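# Breakdown of the fold
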Amino acid sequence: MSTRAVLRFVSWTSHPDRREDAPPVMHQMVCRTIGCPDRESEPDPDFEVVRDWSMKHSGRHPAHREFLETIVRPWRNDPPEGVVPA
Ligand SMILES: [Zn+2]
């Protein structure tokens, strides 16, 4: 007796999840100055909010001018239309 598997290869798509119920894209700024006591903004869906945080941060700490922007984007992989994954 033998076991046989049937595999089906189909092309899935990988893309940002823009469905209405998907979580929003979130932005965050992180100060790159080592030892910074207040180094992260709160995450926010509005980029201008976190950019404003970085400008105020540089205003409070004039030597802190370099940041990392972190973007968290909902993502989704889908099979072709009409294909139901097992
Ligand atoms: Zn800083």
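Computed from a prediction, not measured in an experiment: that's the story for all the values here.

## Remarks on the pattern of salt bridges
- Under the definition given, this model contains six salt bridges.
- Aspartate 17 is the salt-bridge partner of arginine 19, the closest N and O atoms lying 2.8 Å from each other.
- Aspartate 78 serves as the salt-bridge partner of arginine 76, at 2.9 Å between the closest nitrogen and oxygen.
- Since its relative accessible area comes to 28%, arginine 76 is described here as partly exposed.

## What to know about the coordination of the zinc ion
- Around the zinc ion, the donor atoms from the protein are Cys31 (SG), Cys36 (SG), His57 (NE2) and His64 (ND1), and they sit 2.0 to 2.4 Å away.
- Between the four donor atoms coordinating the zinc ion, the angles at the centre fall across 102 to 116°, so the site counts as tetrahedral.
- Each donor residue of the zinc ion belongs to the same chain, with the gaps between them written as C-x4-C-x20-H-x6-H. Here histidine 57 lies in helix 1 (residues 47–60) and cysteine 31 lies in strand 2 (residues 26–31), a separation of 26 residues in the sequence.
- Judged by its relative accessible area of 0%, cysteine 31 is buried.
- Taking relative accessible area as the criterion, histidine 57 reaches 0% and is therefore assigned buried.

Rules and cut-offs
- Residues numbered from 1 in each chain as written.
- Predicted model: local features only at pLDDT ≥ 70, side-chain atom pairs only at ≥ 80, totals over all residues.
- Heavy atoms only, no water.
- Salt bridge = Lys/Arg side-chain N within 4 Å of Asp/Glu carboxyl O.
- Buried < 20%, exposed > 50% of the residue type's maximum accessible area, 1.4 Å probe, protein only.
- Donors = N, O, S within 2.8 Å, 3.2 Å for Na, K, Ca; no water.
- Tetrahedral: all angles 85-135°; square planar, octahedral: opposite > 155°, others 65-115°.
- Helix = DSSP H or I, 4+ residues; strand = E, 2+ residues; numbered from the N terminus.

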